[in-house]
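Listed here are the chains, written in short residue letters.
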Amino acid sequence: MSQYGARGMATAGKSSTQILQHYYTGAKVTTMSKNADASLKVQLLTGKKSVTVTPRSGRLRVKVGSKTIESGSKVTIERTSSGSVKATVGSKSYSGSKLTLEWQSTRYWKSSSATTVSVSGAQNGATGTYRHGRLEIGQLKSSLNVINVVGLNKEYLPGIAEMPASWQSEVLRSQAIASRTYAYRNLGAVKPACGCNVYDEVASQRFLGWTHENAGDSGPWRKAVAATQTTSGSTVRSARLITYKGGLIDAVYSSSAGSKTHSAAEVWGSAVPYLVSVDDSPSKYASAQNPNASWSVTAKQADMARAFGLADVRSVAVAKTGSGLVKTVKATSVKGKTASLTGDQLRTKLKLKSASFSVA
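Residues numbered from 1 in each chain as written. Predicted model: local features only at pLDDT ≥ 70, side-chain atom pairs only at ≥ 80, totals over all residues. Heavy atoms only, no water.

(A) Geometry of the sheet that holds strand S19 (residues 326-332). Taken together, three strands build an open sheet; the order of strands is S18-S19-S20 and the sheet is antiparallel. Sheet topology places strand S18 (315-320) and strand S20 (338-342) at the edges, where each strand pairs with a single neighbour. Pairwise comparison of adjacent strand axes, ignoring direction, gives a mean angle of 20° for this sheet. Two strands pair when backbone bridges link them, and S18 and S19 are joined in this way by six bridges, in the antiparallel orientation. By the bridge assignment for S19, Val316 is matched with Ala331. This element, helix H9 (residues 301-308), spans S18, S19 and S20 of the sheet and lies at about 85° to S20. The strands that helix H10 (residues 343-350) touches are S19 and S20; relative to S20, the one it contacts most, it runs at about 95°. (Pairing = 2+ DSSP bridges. Helix = DSSP H or I, 4+ residues; strand = E, 2+ residues; numbered from the N terminus. Axes fitted to C-alpha atoms, helices over the stretch in contact; angles between N-to-C directions. Contact = heavy atoms within 4.5 Å.)

(B) Representation of the pattern of salt bridges. Scanning the entire structure with this criterion turns up ten salt bridges. Linking Glu102 and Arg134 is a salt bridge whose minimum nitrogen-to-oxygen distance equals 3.9 Å. One end of the pair, Glu102, is in strand S9 (residues 99-103); the other, Arg134, is in strand S12 (residues 134-140), with 32 residues separating them in the sequence. Taking the shortest distance from any N to any O, the salt bridge between Glu136 and Arg134 comes out at 3.3 Å. Here Glu136 falls in the buried class, since its relative accessible area comes to 10%. (Salt bridge = Lys/Arg side-chain N within 4 Å of Asp/Glu carboxyl O. Buried < 20%, exposed > 50% of the residue type's maximum accessible area, 1.4 Å probe, protein only.)

(C) Focus on the packing of aromatic side chains. Overall, the coordinates contain four aromatic pairs when judged by the stated rule. With centroids separated by 6.3 Å and ring planes inclined at 25°, the aromatic side chains of Tyr130 and Phe207 adopt a geometry described as stacked. You can see Tyr130 sitting in strand S11 (residues 127-130) and its partner Phe207 sitting in the loop between strand S14 (198-199) and helix H6 (210-213), a full 77 residues away along the chain. On the basis of an interplanar angle of 50° and a centroid distance of 5.6 Å, the ring pair of Tyr244 and Tyr274 is categorised as tilted. With a gap of 30 residues between them, Tyr244 in strand S16 (residues 235-244) and Tyr274 in the loop between helix H8 (264-268) and H9 connect regions that are remote in the sequence. In this structure Tyr244 comes out as partly exposed when scored by relative accessible area, which is 22%. Among the aromatic residues, those joined into a cluster by ring pairs are Tyr130, Tyr156 and Phe207. It is Arg61 that lies over the ring of Trp109; its NZ or CZ is 4.2 Å from the centre. (Phe/Tyr/Trp six-rings, centres within 6.5 Å; stacked < 30°, edge-to-face > 60°. Lys NZ or Arg CZ within 6 Å of the ring centre and 35° of its normal.)

(D) Quick peek at the packing of helix H2 (residues 16-23) against helix H5 (residues 169-185). At their nearest, the axes of H2 and H5 sit 8 Å apart, and the two run at 55° to each other. As far as their axial angle goes, H5 and H2 are oblique. Crossing angle aside, the handedness with which H2 passes H5 is right-handed. Across the interface between the two elements, Ser16, Ile19 and Leu20 of H2 pack against Glu170, Arg173, Ser174, Ile177 and Ala178 of H5. Looking at the contact of H2 with H5 residue by residue, the classes come out as four nonpolar, two polar and two charged. (Parallel < 35°, antiparallel > 145°, perpendicular 65-115°, else oblique. Left-handed = near helix turned anticlockwise from the far one by under 90°. Nonpolar A, V, L, I, M, F, W, Y, C, P; charged D, E, K, R; others polar.)

(E) Spatial organisation of the side chain of Asn148. For Asn148, the position within the fold is in strand S13 (residues 143-151). Judged by its relative accessible area of 1%, Asn148 falls in the buried class. Separated by 3.2 Å, the side chain of Asn148 and the backbone oxygen of Arg134 make a polar contact. Beyond its immediate stretch of four places on either side in the chain, Asn148 contacts Leu40, Lys41, Val42, Leu44, Trp103, Tyr130, His132, Gly133, Arg134, Leu135 and Phe207. (Polar contact = N/O pair within 3.5 Å; in protein donor to acceptor, adjacent residues only side chain to side chain.)

(F) Local environment of the sheet that holds S12. What the seven strands build is an open sheet, ordered S5-S4-S9-S12-S13-S2-S14; its pairing is mixed. What marks the edges here is a single partner per strand, and that holds for strand S5 (67-71) and S14. Where strand S2 (residues 39-48) and S14 come together, two bridges link them in parallel fashion. Looking across to S14, one finds that Gln43 is bridged to Tyr199.

(G) Summary view of the environment of Ser294. For Ser294, the location among the structural elements is in the loop between H8 and H9. With relative accessibility at 62%, the residue Ser294 sits in the exposed group. Once the C-alpha coordinates of Ser294 and Gly258 are considered, the two residues, 36 residues apart in sequence, prove to be 7.8 Å apart.

(H) Focus on the nonpolar core. In this structure, Tyr24, Ile77 and Tyr156 are the most contacted members of the largest nonpolar core, which totals 73 residues. At eight residues, H5 tops the list of elements feeding residues into this core. Setting aside its immediate chain neighbours within four residues, Tyr24 contacts Met1, Ala178, Ile242, Ile249, Ala251, Val252, Tyr253, Tyr274 and Leu275. Residues Val313, Ala331, Leu341 and Leu346 belong to the second largest nonpolar core, which totals 14 residues. (Core = buried A, V, L, I, M, F, W, Y, C linked by side-chain atoms within 4.5 Å.)

Right under this line is the structure:
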């Protein structure tokens with residue numbers, strides 16, 4: 001799905017179902033009850049030797065083995081050289097192979113105190129704030145691995161920050177259904193690389209937790225999530241998802257694709273029946289307000305030469321796929337030497353916005 005294309009379609013009066021079934025060819029938007037109340041493991045942080053978890057407006061408790069320790073102030077977690085993790089609460093420390101942190105007024109600890117916790121170093125080195133779920137902390141590759149266990153529909157999706165909440169309700173619903181489908185596809189066995197179902201950043205989907213869910217302008221996004229699921233009390237009974245021949249699709253999406261989206265075969269080398277090139281002209285509608293509907297970059301001679309590893313660049317020849325994705329760029333120097341890069345390689349070297357471009 002092209003997000004700006006979806007916005008253009010929504011402003012033209014198309015429904016979320018029409019938008020999704022346009023971008024995912026042959027797929028269907030349907031309602032499913034399976035896994036509606038499932039939990040998801042989201043990796044918040046790894047690669048650190050220590051992390052602090054601080055409660056606000058309530059208390060947290062640390063579970064280490066058979067011990068449970070409560071605290072109203074920050075807890076410091078550290079990795080040990082023996083492969084365990086150590087929690088320091090006040091003046092005392094407790095160690096185990098893994099520990100769990102819970103806080104008040106969650107499904108794990110009933111209370112009237114609406115507690116949030118701050119996790120240092122989460123969200124790309126800043127500090128993440130979380131209201132829901134619990135934390136499971138262990139070691140992975142000699143570093144701490146911090147996992148947030150949350151309810152997929154009621155706790156994870158409201159914290160997804162992949163689209164401005166000010167956009168039209170139908171495009172927000174499209175994003176909610178696509179994001180949900182992506183998450184459902186990743187349920188089940190955790191990934192060995194992270195001990196999680198999904199990452200909290202763009203390797204999966206950008207998950208900001210309470211920071212996004214509780215933002216002053218996030219109401220339309222929360223409403224879009226709620227409108228695409230059915231609840232009974234605190235339990236989610238069913239939810240809208242995208243399927244192809246009865247199975248969940250891989251609901252990949254991007255900001256926009258210009259005139260046409262790119263097929264899975266063009267991008268990854270393997271054909272996927274519902275990920276074929278389709279018209280993306282709605283991403284260029286004025287109503288889509290797409291800042292990247294068109295763009296240009298002037299590359300300096302020195303930058304081109306450095307990119308291709310040549311003394312200079314006299315000319316370039318571009319080979320594209322049918323949808324306009326650049327496959328290769330061949331550069332020729334003044335003395336006739338040549339070098340080639342893929343479109344993605346040149347995009348990275350010149351910091352271009354995409355691998356769909358022309359050379360003038």
